[in-house]
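Coordinates in review
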Amino acid sequence: MKVTVIGEREVNELLDFPESAKKLVDAIASAFRDYSVGRVVMPRRTVMYIDNDWWGVMPCGSRNVGFSVKIVNVIESNKLRGLPTTQGIVILLDDTTGVPLAVINGTALTAWRTAAASAVSIKYVAASVDNVALIGAGLQARYHVLLLTRVFNIKRLLIYSRTKGKAIELMNLARDRGVDSVIVDSGFDAVKQADVVIALTTSKEPVIYGSWLHEGMHVISVGAPERGSREFDDDVIRKASAIVVDSREAVINETGDIIIPMKNGLLAENNLIEIGEIIAGLRQGRASSRDITVFKTVGIAVEDLAAASYVYRLARDRGMGVTIEL
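Here's a quick rundown of the structure. (Residues numbered from 1 in each chain as written. Predicted model: local features only at pLDDT ≥ 70, side-chain atom pairs only at ≥ 80, totals over all residues. Heavy atoms only, no water.)

1. Comments concerning the packing of helix 1 (residues 8-15) against helix 12 (residues 301-318)
- Relative to each other, helix 1 and helix 12 sit at 90°, their axes nearing to 10 Å. In terms of orientation, helix 1 lies roughly perpendicular with respect to helix 12. Between helix 1 and helix 12, the residues in contact are Val11, Leu14 and Leu15 and Tyr310, Val311, Leu314, Ala315 and Arg318, respectively.
- Class assignment for the residues of the contact of helix 1 with helix 12 results in seven nonpolar, no polar and one charged. (Axes fitted to C-alpha atoms, helices over the stretch in contact; angles between N-to-C directions. Helix = DSSP H or I, 4+ residues; strand = E, 2+ residues; numbered from the N terminus. Parallel < 35°, antiparallel > 145°, perpendicular 65-115°, else oblique. Contact = heavy atoms within 4.5 Å. Nonpolar A, V, L, I, M, F, W, Y, C, P; charged D, E, K, R; others polar.)

Have a look at this one:
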């Protein structure tokens with residue numbers, strides 16, 4: 001059997017164009033819709049620890065899209081080895097024949113699909129995308145800049161990060177792509193000037209407070225992947241007219257951004273609206289341009305499947321990647 005190996009460089013080269021970035025967003029939107037209407041087979045991710053190292057296995061299958069498995073890890077001690085703390089691969093197979101098709105760099109693919117998920121929420125829920133704020137300046141923030149500047153006509157990008165050097169790199173990246181970009185002194189300054197604010201941190205405590213929010217804004221949280229971590233305080237939940245999520249089942253089991261407000265009696269499961277339900281026309285997200293809306297994403301396997309399938313087709317059509325015989 002022949003399998004195509006698609007590395008980080010190829011993933012970035014394939015997706016860093018307006019047309020391909022927009023089609024990736026469309027693929028992720030379709031995946032969310034299919035998940036919410038029951039067209040996807042997606043068990044909950046398997047999580048295990050080897051000492052303090054986190055490992056996750058994420059399978060997903062959808063007819064006429066494919067079958068994928070992502071293996072991903074978080075190994076903090078890699079900092080001392082000069083290696084990335086998060087690494088992974090995505091294996092893609094044909095859903096009809098079972099033939100293995102590709103092995104794809106999971107670090108780059110995950111970063112692109114996560115940014116695309118944020119873009120889907122902006123497309124279907126946000127009132128405006130003129131002024132976008134990023135809180136955090138790490139890998140996910142970089143890929144959000146790469147994708148969002150290809151997909152939307154952003155007028156101004158505001159960046160807040162405790163790591164000034166990374167914030168400067170991100171500002172320069174945005175400017176190189178034709179977007180006015182500035183570094184602000186606090187999360188408050190970022191939020192107050194933004195139509196869309198995206199939190200991309202490893203913080204365990206809130207980095208966005210409800211008292212900062214203003215009418216019409218859309219707030220996205222990508223970080224806080226653990227039950228005891230959160231990027232929103234309770235007032236964000238109180239002020240939001242719509243709490244939109246990638247998966248109800250995933251968020252109520254995996255992130256403090258939802259678990260803690262539920263324990264505090266501020267939120268019930270039926271208050272959570274899946275983005276796929278909005279795309280399918282089953283539920284309403286934003287009702288008014290004055291609403292404050294929230295999108296909480298923990299990342300689900302159907303995103304990896306959709307992104308892997310799209311990237312594989314792009315690579316095949318353009319003759320990219322390395323084909324090996326197994």
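2. A word on the pattern of salt bridges
- Applying the stated criterion across every chain, the model contains 23 salt bridges.
- We note a salt bridge from Asp235 to Arg238, for which the minimum N-O separation is 2.6 Å. Remark: Arg238 and Asp235 occur in helix 8 (residues 234-239); sequence separation between them is three residues, near one turn of the helix.
- Among the charged side chains, a salt-bridge network with shared partners connects Lys70, Arg113, Glu303 and Asp304. (Salt bridge = Lys/Arg side-chain N within 4 Å of Asp/Glu carboxyl O.)

3. Description of the packing of aromatic side chains
- By the definition in use, this model includes three aromatic pairs.
- An aromatic cluster is present here, built from Phe188, Tyr209 and Trp212 joined pairwise through their rings. (Phe/Tyr/Trp six-rings, centres within 6.5 Å; stacked < 30°, edge-to-face > 60°.)

4. Observations regarding the nonpolar core
- Core analysis: the largest hydrophobic core is formed by 108 residues, its most contacted members being Leu147 and Ile208.
- For Leu147, the contacting residues outside a window of four places in its chain are Ala21, Leu24, Val25, Trp112, Ala115, Ala116 and Ala119. (Core = buried A, V, L, I, M, F, W, Y, C linked by side-chain atoms within 4.5 Å. Buried < 20%, exposed > 50% of the residue type's maximum accessible area, 1.4 Å probe, protein only.)

5. A few points about the pairing of strand 6 (residues 100-105)
- In terms of strand pairing, strand 1 (residues 2-6) meets strand 6 through three bridges, oriented parallel. Note on strand 6: the bridge partner recorded for Val5 is Val103.
- Note that strand 5 (residues 86-93) and strand 6 share five bridges and pair antiparallel. Bridge assignment links Val90 to a residue of strand 6, and that residue is Ile104.
- Linking two consecutive strands that pair antiparallel, namely strand 5 and strand 6, is a turn of six residues; a positive phi of about 80° is found at Gly98 within it. (Pairing = 2+ DSSP bridges.)

6. Considerations on empty space enclosed by the protein
- In the structure shown here, the tally under the stated rule is one cavity of 30 Å³ or more.
- Size it by volume and the largest cavity reaches roughly 110 Å³.
- Taken together, the elements giving at least two residues each to the lining of the largest cavity come down to strand 3 (53-62) and helix 9 (248-254).
- Sorting elements by how many residues they give to the lining of the largest cavity places helix 9 first, with three residues.
- Residues that form the lining of the largest cavity fall into these classes: eight nonpolar, two polar and four charged. (1 Å grid on protein atoms, 1.4 Å probe; cavity = no way out; pocket = protein on both sides within 12 Å on 5 of 7 lines; lining within 4 Å. Points joined across faces, edges and corners; volume = space filled by probe spheres on them.)

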